[in-house]
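# A look at the structure
Okay, here's what each chain looks like letter by letter:
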Amino acid sequence: CETCSKEEAKYRCPRCMKYSCSLLCVKKHKLALSCNGVRDKTAFISVNEFTDLNLLSDYRFLEDVGRTADAAARHCIVHSPATKRLLYCLRNKARGCNIELKTLPVGFTKRRENSTTFNSMENKFYWHLKLVFPHCHAEYTLKGVPDDKTLADILKPYIDPVESDPVVCQRLKIYTASPQSDVRILMKIENRSRNSIRYNELDASRSLLDNLKGKVIIEYPTLFVVLKTLKNDMVVLGQDGSEPAENSDSESSSLSSVEEGEIRDSS
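Definitions and limits used
Residues numbered from 1 in each chain as written. Predicted model: local features only at pLDDT ≥ 70, side-chain atom pairs only at ≥ 80, totals over all residues. Heavy atoms only, no water. UniProt positions renumbered as here; feature names shortened; annotations may be inferred. Helix = DSSP H or I, 4+ residues; strand = E, 2+ residues; numbered from the N terminus. Salt bridge = Lys/Arg side-chain N within 4 Å of Asp/Glu carboxyl O. Core = buried A, V, L, I, M, F, W, Y, C linked by side-chain atoms within 4.5 Å. Buried < 20%, exposed > 50% of the residue type's maximum accessible area, 1.4 Å probe, protein only. Contact = heavy atoms within 4.5 Å. Patch = residues over 30% accessible without salt bridge, like charges linked within 9 Å, V, L, I, M, F, W, Y side chains within 5 Å. Areas by Shrake-Rupley, 256 points an atom, 1.4 Å probe, with all protein chains shown as cover. Phe/Tyr/Trp six-rings, centres within 6.5 Å; stacked < 30°, edge-to-face > 60°. Lys NZ or Arg CZ within 6 Å of the ring centre and 35° of its normal. Polar contact = N/O pair within 3.5 Å; in protein donor to acceptor, adjacent residues only side chain to side chain. Disulfide = S-S within 2.5 Å.

Naming follows an unreviewed UniProt entry, where the chain appears as Box C/D snoRNA protein 1 of Eulacestoma nigropectus. Quoted verbatim from the Subunit (unreviewed entry) heading of the UniProt record, the comment on the chain is "Interacts with FBL, SNU13, NOP58, NUFIP1, RUVBL1, RUVBL2 and TAF9. Interacts (via HIT-type zinc finger) with the RUVBL1/RUVBL2 complex in the presence of ADP."

See the structure below:
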């Protein structure tokens, strides 16, 4: 057992392939690794390892996608006037803040889980927000984040050595042990081709709203927290939108595996 290292393993997680000996250890490994235990149907498989079973799995996956899309198109919520008014209001308010907010059809994961709202009395967005820590393979979802909150305050419960939760701090110890000056917050630039993924660097001292201005957002913001001292596979554009120098070690090639999995999942 890879959790307790005491008993003989009886189970293997379809998601992360970790061995466990009991239900208790299964629950512990899911909690520790934020693993849902569901097999990743979109995981990459090399041509040499591709079998007829993988082909059948892909075929069934495409059938499921087709059925889900058809059911979403027929769903009454899609044609509900209240839903259309709500989405129109969100997009209109975002446009007033110089944010291009795009929504997906019902049935997409991001559309289903998005909880972003706009408070007319306060004239403020409360965003659904996802934080991704690629160096630790960790993701956290936040709900109701006010748009006037700075990114530094948003990250404090996760990477601040003093204010962060002990469990989260242990999992993100690479970040908590690093100086705050080494932390970079990136956001993927939408509407680019798959072979030309690029990121914008955000200012942690400014509010979430200020950082989102002039950006295209699909459903809700996803922020990637990386460290300057560690190599990552994300190309960051300059402030003027120019490509980085080719010999830059900290801003290298394409896209991280975390983001790749997210794109395939939302598709």
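Read on for the rest.
## Observations concerning the UniProt feature "domain: HIT-type" (unreviewed entry) in the chain
Here the UniProt-annotated "domain: HIT-type" (unreviewed entry) positions come out as residues 1-35. Its end C-alpha atoms 16 Å apart, residues 1-35 is made of 31% helix and 11% strand.

## Focus on the pattern of salt bridges
Scanning the model with the defined rule gives 13 salt bridges in all. Salt-bridge contacts for K124 lead to E122; the nearest nitrogen and oxygen are separated by 3.8 Å. Across the pair D148 and K124 runs a salt bridge whose closest N-O atoms are separated by 3.3 Å. Placement of D148 in the loop between β6 (138-146) and α5 (151-159) and of K124 in strand β5 (residues 124-133) is noted, with a sequence separation of 24 residues between them.

## Quick word on the nonpolar core
Of all hydrophobic cores here, the largest spans 34 residues; its most connected members are L131, F133, Y158 and L172. Secondary-structure elements contributing two or more residues to this core are α3 (81-96), β5, β6, α5, β7 (183-188), α8 (208-212) and β10 (222-227). Other than its neighbours up to four places away in sequence, Y158 contacts L131, F133, Y140, L142, S164, V168, L172 and T176. Judged by nonpolar contacts, the second largest core, of seven residues, contains V132, L186, V226 and V236.

## Some details on a nonpolar patch on the surface
A cluster of nonpolar side chains, namely I45, F50 and L55, defines an oily patch on the protein surface of about 250 Å² accessible area. Along the chain, F50 turns up in the loop between α1 (23-33) and α2 (52-74).

## Examining the packing of aromatic side chains
Aromatic ring pairs are described here by two measures, namely the spacing of the ring centres and the angle between the planes. A full pass over the atoms with the stated rule returns seven aromatic pairs. An aromatic cluster is built from F133, Y140, Y158 and Y175, whose rings are joined through pairwise contacts. The aromatic ring of Y220 is capped on one face by K110, whose charged end is 4.8 Å from the ring centroid.

## Notes on unusual backbone geometry
Located in the positive-phi region is S34, a residue other than glycine, with phi close to 50°. Topologically, S34 is positioned in the loop between α1 and α2. The phi angle at E219 is positive, at roughly 70°, despite the residue not being glycine. Relative to the helices and strands, E219 resides in the loop between β9 (216-218) and β10. The buried category is assigned to E219, whose relative accessible area is 1%.

## Notes on the side chain of K188
Assignment of secondary structure puts K188 in strand β7. Of note is the side chain of K188, whose polar atom sits 3.1 Å from the side chain of E190.

## Observations regarding the state of the cysteines
Tallying each qualifying case throughout the model produces zero disulfides. As a non-bridged cysteine, C1 has C4 as the owner of its nearest cysteine sulfur, 3.6 Å distant. What makes C1 buried here is its relative accessible area of 15%.

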